[in-house]
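# Residue-level structure breakdown
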Amino acid sequence: MSAYIARRLLASIPTLLVIVTVAFFMMRIAPGGPFDQERALPPEIEKNVLAEYNLDAPLVVQYWDYLSGVLLGDFGPSFKYRDFTVGQLLATGFPASLKVGGLAILLAVGVGIGLGTIAALRQNRAVDHVVMATAMTGIAIPNFVMAPLLTLIFGVYLSWLPVAGWGGGAPRNLVLPVIALALPQIAYIARLTRGSMIETLHANFVRTARAKGLRERIVVLRHALKGALLPVVSYLGPATAQLVTGSVVIETIFGIPGIGRYFVQGALNRDYTLVMGAVITYAVLIILLNLVVDLVYGLLDPKVKHR
Amino acid sequence: MGAYMSAERPRSTRIALGLAAGICLAPMGASALAAELHIANSGEPDTLDPHHVSGTWENRVIGDMFLGLTTEAADGSVIPGAAESWTVSDDGTVYTFALRDHTWSDGTPVTAEDFVFAWRRILEPATAAEYASLLYTIRNARALNEGSMEGMEALGVRAVDDNTLEVTLENPTPFFIEQLTHYTAFPIPRHKVEELGEEWIRPGDLVSNGAYTVVEWVPNSHIRSVRNERFYDAAKVAIDAVSYYPAEDRNAATRRFRAGEIDIQYDFASEQIDWLRENLPEETRISPYLGIYYYALNTRKPPFDSKAVRQALAMAIDREGIADKVLRTGELPAYSFVPPGTGDYGEPSYVDWKDMPYPERIARAKELLAEADHGPDRPLHIQLRYNTSENHKKIAIAVAAMWRQLGVEAELFNTEVKVHYNDLQQGDFQVARAGWIADYNDPQNFLYLMETSTGVQNYAGYSNREYDRLMDEADRAGEGAHRRELMHEAEAIAMEDMPNIPITYYVSKNLVSQAVQGWIDNTKDIHRTRFLSVQR
């Protein structure tokens, strides 16, 4: 098992290298640079600014400088936020995104799998239809509609929760963003679980378990669920990476200082180093989470063995 | 008060206890609760260093921290700041400032050397300060900043002694005193910069000479400033702490305002205006703002090298329609390049067709196009570009429809802001939306955009020898009617040539809670926290 993990991690290094290289050069293709704005820089000043940030060196040289920096853990300065290095921005931003995204995924997994299972067990009955209809609305309503709606109801009209703001990560500031982030995921996971569970409940080994006289609860929870969860686990790998690296929409609406907006803002600002830092974080997370997914597969499906 | 009451005690005792508790707690409550202000700022600052910023939102944070030689009063007018008084030489080029006795927030005295140090630093080419050009009014500043002169000691500023600062200008500059309110002219703590280098602006190490000092900055969450006890006027400062939130999502910020989490929102979303006027009329503050929204025409290439075409397109725009029906937030139709109300200018030089009824203008525009050999049988195809934004899009659609009456087909093209300005600076456009907010309250700040020597900021590529000559003479004329006349003449020429089509003058749109006192609407939209107070 540990040999398997080691091999996977080693294999991920060339993947990361390709990602970093492609992202680096792709960013530079977009017209406009970090210092273009309404108030034009006088040419002499612009020259000095570019030199200060090493942006006047040949692209390959810049690439090499960046790569060697990253290998030593230096992600470079932010071109837009002068007072912070990319490392500092990621260090303050990632925990915030992780908190909101992590809680959202946990909520989504718990509620989604639960609802999906209930719907599968009561297939084609009233409960099933209600759950699935709710799931559809959850998927169909975009989060930039849902989030303001939640803040209006709970923040403005009822005044139960803050409308926005991070509050240092206080629980009351987390409630609405976590719910808003989790809702579409709950819907999707519920549907996924239901479909997979229905299929699994028709499988031979479940029929055997029932024939053996096991209680329905044991059949479902101990035996069927494991098999049914395989597609859900596959989905959860990338979904977790996505949620944990922050949603631009949720973070902007709720004023959460996460790294989600660094992807978009960074690109719009041509803040090359910040975008690269965010891309690397995301890539590392995807690689790690895919590895975790594969390992969980091994736990759930006895037919899968990792050597 | 329930904790102090018990069912067993007689009623009179309960009342007495209650009163006593109330009397004891009330003053404690009043002083223990610090007066805090919460502001939704329109963006996240790039930095706290006044030498590397250029936005209005940065001015709000930095301008609360530092005090320039002069500063803005609550109504936006210019009042003495770090300088108590000043004298001007007869030829108007040498200013001598007497600094007031005050200190940085760590107790170190503020001296004239701090100003000399700051201005040398911002003009130093190696600093690459984006906005250094604002100080080009000072002798040798431009040459030193552009690198054609060496040795910052040549800069026209010197410390006569600790409390006296002498500034020598290139030309007599009537708006110089006003210019000193801008953050490019702020002092910075020399002792801290020498000690810490670039780290001097980190909250915690940061010292300021203004009413507040930043103590905390969580990127994309908030910036928190607390009162500077050593501020010379601290006794009159009512608010103890102020938090600035980078509220890029304007609608979310308005919801926070409604929930009472935010006291002031700068720049609310225009589409909310109807709802706000109906539901929060007292809080909705709309006020004229020194800025112009215009369409730049690329005069370097056909068809915009033809004056007739430019004039025709300008005449065909129904500005009242745009202001009243498209924008609906009180913007004023613009028939001149300098907004009316700009300092010491009187009525700007309007276009001569300002009072022509619209149908007549359309007819005249068609004639002009025909003269330039364009019309329904030889339609003009042009590209109208703007940077991504709801309002820019609405205006562009309206203008394209208005131009269609002339047989002009306008293709709309929108790009994000960096690409937009990059292309404009390269001259890669036909018609493009642009905007200009005044740095200081003087018509020169608008008119210089059309001078040949201005460079890339003159997007239209306009070059008129007479215009340049008039503006140059005005620069050297010194304050007074003669200077005004010269600028009026120059503007008249530009309005005839029409390289930039003025569309509307800006307004500032803010939400101010009724709990906030001391807010005065002004054309600079500057409201320093030291003059505000809250009554919750």
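Quick notes on the rules
- Residues numbered from 1 in each chain as written.
- Chains lettered and ligands numbered in written order.
- Predicted model: local features only at pLDDT ≥ 70, side-chain atom pairs only at ≥ 80, totals over all residues.
- Helix = DSSP H or I, 4+ residues; strand = E, 2+ residues; numbered from the N terminus.
- Rg over C-alpha atoms; globule rule 2.2 N^0.38 Å.
- Buried ≥ 20, exposed ≤ 12 C-beta atoms within 10 Å, placed from the backbone.
- Contact = placed C-beta atoms within 7 Å.
- pLDDT = per-residue confidence, 0-100.
- Arc of directions from axis to C-beta.
- Axes fitted to C-alpha atoms, helices over the stretch in contact; angles between N-to-C directions.
- Parallel < 35°, antiparallel > 145°, perpendicular 65-115°, else oblique.
- Left-handed = near helix turned anticlockwise from the far one by under 90°.
- Nonpolar A, V, L, I, M, F, W, Y, C, P; charged D, E, K, R; others polar.
- Pairing = 2+ DSSP bridges.
- Core = buried A, V, L, I, M, F, W, Y, C linked by C-beta atoms within 7 Å.

Moving on, we get to the overall build of chain B. A tally of regular secondary structure across chain B gives 16 helices and 19 strands. For a compact globule of 536 residues, the expected C-alpha radius of gyration is about 24 Å, and chain B comes in at 27 Å, within 12% of that figure. Taking the principal axes of its C-alpha atoms as reference, chain B extends roughly 100 × 60 × 40 Å. Among the 536 residues that make up chain B, the fraction classed as buried is 46%. Considering only residue pairs separated by 6 or more positions, chain B has 68% of its internal contacts joining residues 24 or more positions apart.

Attention now moves to the overall build of chain A. When its secondary structure is counted, chain A shows 12 helices and zero strands. Each helix and strand of chain A, ordered N terminal to C terminal, gives the series α-α-α-α-α-α-α-α-α-α-α-α. Along the first, second and third principal axes, the C-alpha set of chain A runs to 85 × 55 × 30 Å.

Okay, the confidence of the model for chain B next. Residues and elements named next belong to chain B. Taken over all residues, the pLDDT of chain B has a mean of 90, while the share at 70 or more is 94%. Overall, residues 1-7 carries pLDDT values under 50, and its contacts beyond four positions in sequence, including any with other chains, amount to six contacts. Predicted confidence is poor over residues 20-32, with pLDDT under 50, and the contacts of this stretch with residues over four places away or in other chains come to two contacts. Both scores are available for the predicted complex, with the pTM at 0.85 and the ipTM at 0.84.

Okay, helix α10 (residues 319-327) of chain B next. All names here are of chain B. Among all positions of α10, only Arg 319, Ile 322, Ala 323 and Leu 327 are buried. Around the axis of α10, the buried residues are gathered within 95 degrees of arc, so they sit on the same side. Exposed side chains of α10 directed beyond 90 degrees from the buried face belong to Glu 320 and Lys 325. Packed against the buried residues of α10 are β13 (332-333), α12 (390-404) and β17 (500-512). Looking one or two residues beyond α10, the residue adopting positive phi is Arg 328, at roughly 60 degrees.

All names here are of chain A. Helix α9 (residues 216-244) packs onto helix α4 (residues 86-121) with a crossing angle of 150 degrees between their chain directions and a minimal axis gap of 11 Å. One element, α4, and the other, α9, form an angle in the roughly antiparallel class. α4 and α9 meet at a crossing whose hand is right-handed. Here α4 contributes Ser 97, Leu 98, Gly 101, Gly 102, Ala 104, Ile 105, Ile 113 and Leu 121 to the contact with α9, which in turn contributes Val 220, Val 232, Thr 240, Leu 243 and Val 244. Partitioned by chemical class, the residues of the contact of α4 with α9 number nine nonpolar, four polar and no charged.

As a further point, take the environment of Glu44(B). Structurally, the position occupied by Glu44(B) is in the loop between β1 (36-41) and α2 (56-65). Separated by 178 residues in the primary sequence, Glu44(B) and His222(B) have C-alpha atoms spaced 8.6 Å apart.

Turning our attention to the interface of chain A and chain B. Residue-level contacts link 39 residues of chain A with 40 residues of chain B. Elements supplying a minimum of two residues to the side of chain A that touches chain B: α2 (43-52), α4, α6 (143-157), α10 (248-254) and α11 (260-268) of chain A. Grouping the constituent residues of the side of chain A that touches chain B by class yields 19 nonpolar, 10 polar and 10 charged.

Bringing the environment of Val264(A) into the picture now. Residues and elements named next belong to chain A. The topology assignment puts Val 264 in helix α11. By the C-beta count within 10 Å, which is 15 here, Val 264 ends up partly exposed. For the pair Val 264 and Val 275, spaced 11 residues apart in sequence, the C-alpha to C-alpha distance is 8.2 Å.

Now for unusual backbone geometry. For residues other than glycine, phi is negative in most cases, and the peptide bonds are mostly trans. Residues and elements named next belong to chain B. Here the bond from Pro 302 into Pro 303 is cis, since omega is -5 degrees, no more than 30 degrees from zero. Here Pro 303 shows up in the loop between β12 (284-297) and α9 (307-315). Unusually for a residue other than glycine, Met 498 sits at a positive phi of about 55 degrees. Within the secondary structure, Met 498 is located in the loop between α16 (481-497) and β17. Its 24 C-beta neighbours within 10 Å are what place Met 498 among the buried residues. At Asp 525, a position not held by glycine, the phi torsion is positive, near 55 degrees. Take Asp 525: it is sitting in the loop between β18 (516-517) and β19 (533-534).

The next thing to look at is the packing of α9(A) against helix α12 (residues 272-300) of chain A. Residue and element names in this part refer to chain A. Their axes nearest at 9 Å, the elements α9 and α12 cross at an angle of 165 degrees. In terms of orientation, α9 lies roughly antiparallel with respect to α12. The chirality of how α9 crosses α12 is right-handed. Every residue of α12 that contacts α9 at Lys 226, Leu 229, Leu 230, Val 233, Ser 234, Leu 236, Gly 237, Pro 238, Thr 240, Ala 241 and Val 244 is listed here: Tyr 282, Leu 285, Ile 286, Leu 289, Asn 290, Val 292, Val 293, Val 296, Tyr 297 and Leu 300. Across the contact of α9 with α12, the residue classes tally to 16 nonpolar, four polar and one charged.

This part takes up the pairing of β17(B). All names here are of chain B. Burial analysis of β17 places 13 of its 13 residues in the buried class, the great majority of the element. Bridge analysis of strand β11 (residues 264-266) against β17 gives three bridges, and the strand direction is antiparallel. Following the sheet pairing, Gln 265 is matched in β17 by Leu 511. In the sheet, β12 pairs with β17 via 10 bridges, with the strands oriented antiparallel. Its bridge partner lying in β17, Ala 296 is registered against Asn 500. Both β13 and β17 contribute to a ladder of two bridges, which runs antiparallel. By the bridge assignment for β17, Leu 332 is matched with Tyr 505.

Our next topic: the sheet that holds strand β7 (residues 164-168) of chain B. Residues and elements named next belong to chain B. Strand order in the open sheet made by the four strands is β4-β5-β7-β6, with antiparallel pairing throughout. The open sheet terminates on both sides in strands that have one partner only, identified here as β4 (83-88) and β6 (157-161). Each neighbouring strand pair of the sheet contributes to a mean axis angle of 25 degrees, computed without reference to strand direction. As paired elements, β4 and strand β5 (residues 94-99) share five bridges and run antiparallel to each other. Paired with Thr 87 across the bridge in β5 is Thr 96. Together, β5, β6 and β7 form the strand contacts of helix α3 (residues 112-123), whose direction differs from that of β6 by roughly 165 degrees.

This brings us to the environment of Asp36(A). Its location among the elements puts Asp36(A) in the loop between α1 (2-29) and α2. According to the C-beta neighbour criterion, Asp36(A) is buried, with 22 such atoms within 10 Å. For the pair Asp36(A) and Glu46(A), spaced 10 residues apart in the sequence, the C-alpha separation amounts to 9.3 Å. Among all residues touching Asp36(A), those that are not within four sequence positions of it are Lys418(B), Tyr421(B) and Asn422(B).

Take the nonpolar core next. In terms of nonpolar packing, the biggest core is built from 124 residues, with Ala40(B) and Trp119(B) touching the most fellow members. Here this core takes 13 residues from helix α7 (residues 171-201) of chain A, the largest share from any one element. The residues contacting Trp119(B), other than those within four sequence positions of it, are Leu135(B), Leu155(B) and Val157(B). With 68 residues, the next largest nonpolar core counts Leu290(B), Trp403(B), Trp436(B) and Met450(B) among its residues.

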